[in-house]
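The lines below spell out each chain.
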Amino acid sequence: MKLNRYQINFIEKKLDRLNVDYLDIKSELTDHIACDIERLMKKEELDFEKASYLVFQNWNEEFVFSKNIFTGYMNSFPKIVLKKILQSAKRLQLFSIICFVVTFLISNFLNNDTKKYLLSGMFLVKSALLIFFLISLICFCILKYRKKKTTFLILFNQSMIGYIMLPFLLLFTIEIGLFFLISYISFMSLINFIYSMRLFYLHNQFILKTSY
Amino acid sequence: MFALQNSRIMKNSQLYKGSLNTIIMKLLEENGRMYGYEITQRVKEITKGELNITEGALYPALHKLEAEDLLDVEVEKVDNRLRKYYKLTEKGTTETVNRLAELEEFIKNMQTIVNPKLSY
């Protein structure tokens, strides 16, 4: 017995209430839960209400709100959503550590003359970072306007926090003593920009795939 | 109710957890493309109910493989809802061969250690 449109709508609404309203996860959970309900209705000859109650009970543990250091303790998400976000968030944290070590080694390796020479071209870095920020801001506004939620969007919004150090770079005079810090912020801003553009692409690609 | 409780019985061993990705990849290699629920049911069917992949383990594994570009996703509208099909990418197909060889080697070595008489 296949579920009708209203029964599918019931599952979707229930997932929304449980805060699993991110399209990429919600669509596959709706299908999984619907398949499980159909199986129970057929095998155990249960009605939809009873079968859906039992199936959702089985999923309870995955809907519990959880937090993690990688996504920030300010935000909590249903466990199944958090697991997906973490896979990507952990990768960015790893890049951040690698970037820190590489920048530290480079800044210790270079002599002061080379550092001065590199800092003289700082206006180019500043311009590039400003362009990155503006592109990200435009993407942010587009996503806000479209109002479609996916887990990629959560990560994209979080990546915008990465630009918090941008005013520091743009407004203050860059001195040689700050070479390591400036290089680290610049590299991280570049990584953050590439990461956020990938998320923007993945978000739009998924929306495109599901636009029926 | 009994059927649902019964389906919760699962092999929660670390040995199975470590092989979950390889199991998924092997199934996709055999079946072309599959959706989440289908994978859990297929595993249950093959192992005659001995092995039950829980949803909490299946989806993170699928999402991880997808993020690593080993799986590709196709979305279709089926029975009033969207269905997300997973299939192996070219990179995923090559990786499946490697992982299966690795798993076979592991089983062979374990066999030698656990039951030397039966080993070959």
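Values in this document were obtained by computation on a predicted structure and should not be read as measured data.

Attention now goes to the sheet that holds strand 3 (residues 81-88) of chain B. Residue and element names in this part refer to chain B. One open sheet holds the three strands; their spatial order is 1-3-2, and the pairing between them is antiparallel. In the strand order of this sheet, the two ends are held by strand 1 (33-35) and strand 2 (71-78), each with one partner. If you compare each strand with its neighbour and ignore which way they point, the axes differ by 35° on average. Relative to strand 3, strand 2 runs antiparallel, the two sharing eight bridges. Looking across to strand 3, one finds that glutamate 74 is bridged to tyrosine 85.

Quick look at the side chain of B:Arg83 now. Within the secondary structure, B:Arg83 is located in strand 3. Residues within four places of B:Arg83 in sequence aside, it is in contact with A:Asp31, A:Cys35, B:Tyr35, B:Glu74, B:Val75, B:Glu76 and B:Val78.

Looking now at the environment of A:Gln158. On the secondary structure map, A:Gln158 appears in helix 7 (residues 151-160). Ignoring sequence-local partners within four residues, the contact set of A:Gln158 consists of A:Thr71 and A:Asn75.

Our focus in this paragraph is the interface of chain B and chain A. Listed per partner, the contact involves 30 residues of chain B and 34 residues of chain A. In total, about 3,000 Å² of surface goes out of reach between chain B and chain A, with carbon and sulfur atoms giving 54% of it. Counting across the interface, chain B meets chain A through five salt bridges. Between A:Glu28 and B:Lys84 there is a salt bridge whose closest N-O contact spans 3.7 Å. Viewed at the interface, chain A and chain B are joined by 13 residue pairs in polar contact (both at pLDDT 80 or more). Of all the elements in the fold, those that place two or more residues in the side of chain B that touches chain A are helix 1 (2-7), helix 3 (36-46), helix 4 (55-67), strand 2 and strand 3 of chain B. Counting residues per element, the side of chain B that touches chain A draws most heavily on helix 4 of chain B, which supplies seven residues.

Before going further, it helps to examine unusual backbone geometry. Residue and element names in this part refer to chain B. A positive phi angle is found at lysine 48, which is not glycine, with a value near 50°. Relative to the assigned elements, lysine 48 resides in the loop between helix 3 and helix 4. For lysine 48, a relative accessible area of 74% translates into the label exposed. Phi at aspartate 79 is positive, roughly 45°, even though this residue is not glycine. Mapped onto the elements, aspartate 79 comes out in the loop between strand 2 and strand 3. Aspartate 79 gets classed as partly exposed once you look at its relative accessible area, which sits at 29%.

Conventions used here
Residues numbered from 1 in each chain as written. Chains lettered and ligands numbered in written order. Predicted model: local features only at pLDDT ≥ 70, side-chain atom pairs only at ≥ 80, totals over all residues. Heavy atoms only, no water. Pairing = 2+ DSSP bridges. Helix = DSSP H or I, 4+ residues; strand = E, 2+ residues; numbered from the N terminus. Axes fitted to C-alpha atoms, helices over the stretch in contact; angles between N-to-C directions. Contact = heavy atoms within 4.5 Å. Buried area = accessible area lost by both parts, 1.4 Å probe. Salt bridge = Lys/Arg side-chain N within 4 Å of Asp/Glu carboxyl O. Polar contact = N/O pair within 3.5 Å; in protein donor to acceptor, adjacent residues only side chain to side chain. Buried < 20%, exposed > 50% of the residue type's maximum accessible area, 1.4 Å probe, protein only.

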